[in-house]
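Given next are the chains, with one letter for each unit.
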Amino acid sequence: MRGFAERHVHAIASATRRLIAEPLTHCLTILVIALSLAVPSSLYRIISDAASMAKGQAGPPAITVFLRTTVSQDQVTKLSESLKHHQNIAMIDFVSPEQGLKELQQRLGTDDVLTGLDHNPLPPALIVHASSTDPAILLALQKEIAASSLVDQAKLDADWARRLHAMTHLLEEAIFALALIFAAAVVIVVMNTVRLQVTAAREEIEVCKLMGASDAFVRRPFIYFGMLQMLLGGCVAFGITELARLGFNTLSTEWLKPYGLSFEVQPFHGAEALIGLLLALVLGWFAASSAVSSFLSRLRPR
Amino acid sequence: MTDTVPMIEMNALTRRYPDGREALHGIDLRIEAGEMLFLGGPSGAGKTTLLRLIAGIDRPSGGEIKLNGQLLNRLSAAALEALRKNIGMVFQEHKLLMDRTVEQNAALPLQIQGLASAEIQKRVAAALERVGLGGRASDSPLALSGGERQRLCIARALVGKPALIVADEPTGNLDAEYGEAILTLFRSFNLSGVTLVIATHDERLVQSLEGRLVHLDQGRIISDGRTHV
């Protein structure tokens, strides 16, 4: 166990020595990695916060449930209570016939809506706010609510729901595609750096192989080298993202304030930053591992 | 034929290069544990090829080679690597890492074996002491003379306490005085029970030591006898 730990400590020390041996070259590589990681992560942050703001301003997609005029208050309360526990429902508002009439009068700008009628014909209604913007989930929810014997009609503004969902989905896909492109760029950068390191260490690797070193023994310091580059690149990327966020927030406050609007991009929280760094490490491992394996498969010790 | 399993056994061993050239033709050779065997012959006789086959660096094209009764022909690359960890190797061109110290060079086989650093330090110090480089541990190999570099190679070969050491032209680049000193060092290992297979073209030096001398020429064994001390 101690030998195992020492092998890894030795490999990390060797990787660090390689990194320090050419500080300028590796600083530039780390900067390239950092920029490649910072661009998609900054865009992700801005677009996801903007989408949340848009959703917040437009309000969550709602289903207007018109109940039968014959239902009692007790039945309304029971139905409302059972819907509250539904996993796809965030909130329910009850609108009584009187409240509905008042809103109608306000909308029409007249008090004589009931002229010629002996009673208020409006039914009690529930405004069901869904927790999802997915049109498929909303339509299923509408169908489920409409199936109740107490419900006369359940109306959903499906077009708006579809538009909002399509818009956020498109943006998410665009960020994902961008992230993939930048991830590929990062992998290529690390692979190339590791390939250069491995080529420079050819003699050392040959000697180790002649003495019976396994592929894992040879690979280990180079994998740590790739992961170290990505770790440092990830940390610098985090700094760049924060600086960009602060700059963006200053500008957006300046531009939106005259219109009475405000929009601030939130910082990455701990878990997000940790996941980002772990992803960067996995990319570093993959890139370095591929570069060394490709070299070893062609190596014939002389 | 003896009943005991020889340390190395070759039967009709052939090695053909990818270009079709045959470096070894039907070699039959048996090396017992504790032997000190010299492989003599001119350049291109097949000495280095034979050593590489013994060390599991190359694979035979035909015939078979066994090490301690284990057939090497069909061993996986990983199994051959594991096998090489237990063979001490001295290379003609030293193959020292010039960006590391004498101590770090000697420690390399033990790091490959995955030994703990305290054990590595202990064994490296003993090996360097044995070859007379005890005071040069922190020096760069660049600061060593040709003879000292060769002794460092020998320290690196014996540090893993192998039962078998193969050496390719260990006195090749040295003058007679240093050459004799190196061979005397080998003789002392042999006396402590280590089997040695040494390829050399310098037969004058070989004749100064007790041992077995196998002559190769054009990939064939042309004589197998004792040195004439």
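Residues numbered from 1 in each chain as written. Chains lettered and ligands numbered in written order. Predicted model: local features only at pLDDT ≥ 70, side-chain atom pairs only at ≥ 80, totals over all residues. Heavy atoms only, no water.

A.B. asks: Provide a residue-level description of the pattern of salt bridges, including the pertinent values.
C.D. replies: As enumerated under the stated definition, the model contains 24 salt bridges over all chains in all. In this structure, the salt-bridge partner of Glu204 of chain A is Arg100 of chain B, at a minimum N-O distance of 2.4 Å. Taken as a pair, Glu204 of chain A in helix α7 (residues 202–210) and Arg100 of chain B in the loop between β6 (87–90) and α3 (102–113) lie in two separate chains rather than in one. For the pair Glu204 of chain A and Arg100 of chain B, one class covers both residues: buried. Of the charged contacts, one joins Lys209 of chain A and Asp215 of chain A as a salt bridge, the two residues approaching to 2.5 Å between their closest N and O atoms. Connected through salt bridges with shared partners, the residues Arg18 and Glu204 of chain A together with Arg100 of chain B form a single ionic network. (Salt bridge = Lys/Arg side-chain N within 4 Å of Asp/Glu carboxyl O. Helix = DSSP H or I, 4+ residues; strand = E, 2+ residues; numbered from the N terminus. Buried < 20%, exposed > 50% of the residue type's maximum accessible area, 1.4 Å probe, protein only.)

A.B. asks: Explain the packing of α7 of chain A against helix α8 (residues 215–256) of chain A to me, using residue names and the numbers behind them.
C.D. replies: Residue and element names in this part refer to chain A. As a packed pair, α7 and α8 sit with axes 9 Å apart at the nearest point and diverge in direction by 150°. In terms of orientation, α7 lies roughly antiparallel with respect to α8. Crossing angle aside, the handedness with which α7 passes α8 is right-handed. Mapping the contact onto sequence places Ile205, Cys208 and Lys209 in α7 and Asp215, Phe217, Val218 and Phe222 in α8. Per-class residue counts for the contact of α7 with α8 are five nonpolar, no polar and two charged. (Axes fitted to C-alpha atoms, helices over the stretch in contact; angles between N-to-C directions. Parallel < 35°, antiparallel > 145°, perpendicular 65-115°, else oblique. Left-handed = near helix turned anticlockwise from the far one by under 90°. Contact = heavy atoms within 4.5 Å. Nonpolar A, V, L, I, M, F, W, Y, C, P; charged D, E, K, R; others polar.)

A.B. asks: Tell me about the interface of chain B and chain A, and please be specific about residues and values.
C.D. replies: Listed by partner, the interface residues are 20 residues for chain B and 18 residues for chain A. Contact between chain B and chain A buries roughly 1,800 Å² in total, counting both sides, with carbon and sulfur atoms accounting for 57%. Three residues, Glu81, Lys95 and Ile112 of chain B, lead the burial of chain B against chain A; their summed loss comes to 29% of the area buried on that side. In this structure, the connection of chain B to chain A is made through two salt bridges. (Buried area = accessible area lost by both parts, 1.4 Å probe.)

A.B. asks: I'd like a rundown of the layout of surface pockets, residues and numbers included.
C.D. replies: By volume, the largest pocket amounts to about 1,200 Å³. As for the largest pocket, its lining consists of 45 residues, and the residues nearest its centre are His10, Ser14, Arg17 and Glu204 of chain A together with Arg100 of chain B. Contributions of two or more residues to the lining of the largest pocket are made by α1 (2–21), α2 (23–58), α6 (158–200), α7 and α8 of chain A together with α3 and α4 (117–130) of chain B. The dominant element in the lining of the largest pocket, judged by the number of residues it contributes, is α1 of chain A, at 10 residues. For the lining of the largest pocket, the per-class residue count stands at 21 nonpolar, 13 polar and 11 charged. (1 Å grid on protein atoms, 1.4 Å probe; cavity = no way out; pocket = protein on both sides within 12 Å on 5 of 7 lines; lining within 4 Å. Points joined across faces, edges and corners; volume = space filled by probe spheres on them.)

A.B. asks: How would you sum up the pairing of strand β4 (residues 62–67) of chain B? Please name residues and give values.
C.D. replies: Residues and elements named next belong to chain B. Pairing geometry for strand β1 (residues 8–16) and β4, over five bridges, is antiparallel. For Glu9, the partnering residue across the bridge sits in β4 and is Lys66. Relative to strand β5 (residues 70–71), β4 runs antiparallel, the two sharing two bridges. Bridging from a neighbouring strand, Lys66 pairs with Leu71 of β5. (Pairing = 2+ DSSP bridges.)

A.B. asks: A description of the domain arrangement of chain A should follow, citing residues and the corresponding values.
C.D. replies: The domain boundaries assigned to chain A delineate domain 1 (2–56 + 163–299) and domain 2 (62–157). Between the C-alpha centres of domain 1 of chain A and domain 2 of chain A the distance comes to 50 Å. (Domains from an automatic or database assignment.)

A.B. asks: Hey, could you go over empty space enclosed by the protein for me, with residue numbers and the actual values?
C.D. replies: All names here are of chain B. Evaluation of the coordinates by the stated rule reveals two cavities of 30 Å³ or more. Taken as a whole, the largest cavity holds about 110 Å³ of empty space. Around the largest cavity, the lining is made up of 13 residues, and of these Lys85, Ile87, Gly88, Pro109 and Arg156 lie nearest the centre. Its residues assigned to classes, the lining of the largest cavity comprises six nonpolar, four polar and three charged. As for the second largest cavity, its lining consists of Leu53, Gly56, Asp58, Arg59, Pro60, Ile65, Leu72 and Leu80.

A.B. asks: Outline the confidence of the model for chain B, listing residues and values.
C.D. replies: Detailed reading of predicted coordinates is not advised where the pLDDT is low. Per-residue pLDDT for chain B averages 89, and the proportion of residues at 70 or more is 98%. Interface scoring of the predicted complex returns ipTM 0.87; its pTM is 0.71. (pLDDT = per-residue confidence, 0-100.)

A.B. asks: Lay out the sheet that holds strand β4 (residues 151–156) of chain A in plain terms, naming residues and giving numbers.
C.D. replies: All names here are of chain A. The strand order β2-β3-β1-β4 describes an open sheet built from four strands, whose pairing is antiparallel. With partners counted over all chains shown, the strands left at the sheet margins are β2 (89–95) and β4, one partner each. Neighbour to neighbour, the strand axes of the sheet diverge by 20° on average, direction disregarded. Two elements, β2 and strand β3 (residues 125–130), share six bridges in a ladder whose sense is antiparallel. Bridging across to β3, Asp93 finds its partner in Ile127.

A.B. asks: Go over helix α5 (residues 146–158) of chain B with me, naming the residues and quoting the values.
C.D. replies: All names here are of chain B. Between its first and last C-alpha atoms α5 spans 19 Å; for 13 residues at 1.5 Å apiece the expected length is 18 Å, and the two agree. The buried fraction of α5 is high, at 10 of 13 residues. Among the residues of α5, those classed as buried are Gly147, Glu148, Gln150, Leu152, Cys153, Ile154, Ala155, Arg156, Ala157 and Leu158. (Expected span 1.5 Å × (residues − 1).)

A.B. asks: Can you tell me about the packing of aromatic side chains, naming the residues and giving the values?
C.D. replies: This structure, assessed with the given rule, holds two aromatic pairs over all chains. Ring geometry for Phe248 of chain A and Phe263 of chain A: centres 6.1 Å apart, planes at 90°, overall edge-to-face. Remark: Phe263 of chain A occurs in the loop between α8 and α9 (270–298) and Phe248 of chain A occurs in helix α8; sequence separation between them is 15 residues. On the numbers, 6.1 Å between centres and 85° between planes, the contact of Phe186 of chain B with Phe189 of chain B is edge-to-face. Of this pair, Phe186 of chain B and Phe189 of chain B both sit in helix α6 (residues 176–191), three residues apart, roughly one helical turn. Of the residues examined, Phe186 of chain B reaches a relative accessible area of 0% and is grouped as buried. For Phe189 of chain B, a relative accessible area of 1% gives the class buried. (Phe/Tyr/Trp six-rings, centres within 6.5 Å; stacked < 30°, edge-to-face > 60°.)

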